[in-house]
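Each chain, written out:
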Amino acid sequence: MRSHGGNARHLEELSQFLRSRRARLSPGDLGLTVSSRRRTPGLRREEVAVLAGVGTSWYTWLEQGRDINVSESVARAIGRALRLSPSERTYMFRLLGIRPPLPESGERRHGEFASVVQEWMPSPALVLDEFWNLLDCNKAAREVFGLSDSDKNMLVSFFVNEEHQGRYVDPRAQARLAVAQFRTDIAQYHQDPRFFEIVDDLRLRSELFATLWHGHEVQQVANKDKHLLHPRAGRLSFSTLPVQMSGNERIRMILCIPKAGTGTRDRLVSLLHEQPVLAAVGGCAR
């Protein structure tokens with residue numbers, strides 16, 4: 001069980017928020033029988049309590065803004081009973097002082113990024129979830145990072161795909177940074193066992209990952225620059241801009257911006273149009 005800490009303003013906001021969400025629903029929306037003598041619009045507290053599987057008195061105390069303990073599972077049940085959107089559920093969790101939940105089945109949408117990913121051409125753009133699973137990317141990202149349909153997770157691909165790892169100017173430094181950043185992410189979402197499933201799998205498949213993981217390094221600040229060696233285009237240098245999805249902070253889009261003065265954008269244009277890249281760009285060997 002967890003407590004939202006007794007902050008009076010948070011409790012009052014939570015109270016008003018729950019009432020407003022209850023008032024917007026009608027019993028008919030949820031398949032409940034409606035009495036002809038019913039005068040109050042919206043759901044009643046006892047109806048929300050039944051739908052959430054909690055006691056009416058307990059839910060009344062919660063809605064009144066009393067400082068009571070709320071578990072994550074009960075908070076999820078209340079969110080379902082009130083038909084909260086992912087953004088609303090995250091907001092309620094924050095008011096309760098509970099870490100926002102992982103998206104439930106069917107909620108891992110990233111459609112709002114789809115058009116941006118494609119319009120970002122000729123520069124690379126990728127969409128990742130909190131596990132670094134690759135949800136979407138454009139043609140430039142596939143070409144620059146050496147991705148194929150078999151690449152499902154960017155961390156796994158880096159450590160088990162020599163083609164992917166070999167694209168970086170300094171693979172060892174990139175490997176060290178990736179492990180440190182992933183360890184930081186695990187601390188943020190430590191209750192989800194799927195993180196450790198990835199770690200356990202990579203420790204068996206990659207000696208380099210196992211060695212770096214044993215070092216216990218952490219890195220909070222995302223790497224802003226990426227320097228790669230493409231087999232045909234030569235050296236490519238980018239600044240990166242992470243953009244989190246509205247209402248679902250576990251999904252983020254990574255936009256790669258060609259660094260000025262490096263010729264990266266021109267090489268990308270030539271590469272994507274399958275035109276020969278001039279030998280003068282240098283750095284073609286891997």
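The structure under discussion appears in the preceding block.
Fair warning: this is a prediction, and the values are worked out from it, not measured in the lab.

Undergrad: Can you break down the overall build of the chain residue by residue, with the values?
TA: Scanning the chain from terminus to terminus reveals 13 helices and seven strands. In the chain, buried positions account for 47% of the 286 residues. Looking at the chain alone, contacts between residues at least 24 apart form 56% of all its contacts between residues at least 6 apart. Carbon together with sulfur atoms contributes 50% to the accessible area of the chain, which is approximately 15,000 Å² in total.

Undergrad: Give me the pattern of salt bridges: which residues, what numbers.
TA: Pairs may arise between side chains of opposite charge once their charged atoms sit close together. Tallying each qualifying case throughout the model produces eleven salt bridges. The salt bridge involving R24 is made with E88; its shortest N-O contact spans 2.9 Å. With R24 in the loop between α1 (8–23) and α2 (45–52) and E88 in helix α5 (residues 86–96), this residue pair connects regions lying 64 residues apart in the sequence. Among the ionic pairs, D225 bridges to K259, the shortest N-O distance being 3.5 Å. Placement of the pair is D225 in strand β5 (residues 225–230) and K259 in the loop between β7 (248–258) and α13 (264–272), with a sequence separation of 34 residues. Take D225: its relative accessible area is 29%, and that puts it in the partly exposed class.

Undergrad: With reference to specific residues and values, describe the environment of G97.
TA: Along the chain, G97 turns up in the loop between α5 and α6 (111–119). Considering only alpha carbons, one finds G97 and N7, 90 residues apart in sequence, at a separation of 9.8 Å.

Undergrad: An account of unusual backbone geometry is needed here, citing residue identities and associated values.
TA: In terms of backbone geometry, most residues other than glycine have negative phi values and most peptide bonds are trans. Looking along the chain, the bond that leaves M121 and enters P122 is cis, with omega of 10°. The topology assignment puts P122 in the loop between α6 and β3 (125–128). Even without glycine at this site, W132 takes up a positive phi of about 70°. Mapped onto the fold, W132 is located in the loop between β3 and β4 (134–137).

Undergrad: Residues and numbers for the packing of aromatic side chains, please.
TA: A ring pair, where both rings are aromatic, is described by two values, the distance of the centres and the angle of the planes. In total, this model carries nine aromatic pairs according to the counting rule given. Between F17 and Y91 the ring centres are 5.1 Å apart and the planes differ by 75°, which places this aromatic pair in the edge-to-face class. With F17 in helix α1 and Y91 in helix α5, this residue pair connects regions lying 74 residues apart in the sequence. Both rings, one in F209 and one in W213, keep their centres 5.6 Å apart while their planes meet at 15°; by these two values the pair is stacked. With F209 and W213 both in helix α12 (residues 207–214) and four residues apart, this pair spans about one turn of that helix. On the basis of relative accessibility, which here comes to 0%, the residue F209 falls in the buried class. Here the aromatic cluster, defined as three or more aromatic residues joined through ring pairs, consists of F145, F158, F159, Y168, F209 and W213. Between R183 and the ring centre of W213, over which it is positioned, the NZ or CZ distance is 3.8 Å.

Parameters at a glance
Residues numbered from 1 in each chain as written. Predicted model: local features only at pLDDT ≥ 70, side-chain atom pairs only at ≥ 80, totals over all residues. Heavy atoms only, no water. Helix = DSSP H or I, 4+ residues; strand = E, 2+ residues; numbered from the N terminus. Buried < 20%, exposed > 50% of the residue type's maximum accessible area, 1.4 Å probe, protein only. Contact = heavy atoms within 4.5 Å. Areas by Shrake-Rupley, 256 points an atom, 1.4 Å probe, with all protein chains shown as cover. Salt bridge = Lys/Arg side-chain N within 4 Å of Asp/Glu carboxyl O. Phe/Tyr/Trp six-rings, centres within 6.5 Å; stacked < 30°, edge-to-face > 60°. Lys NZ or Arg CZ within 6 Å of the ring centre and 35° of its normal.

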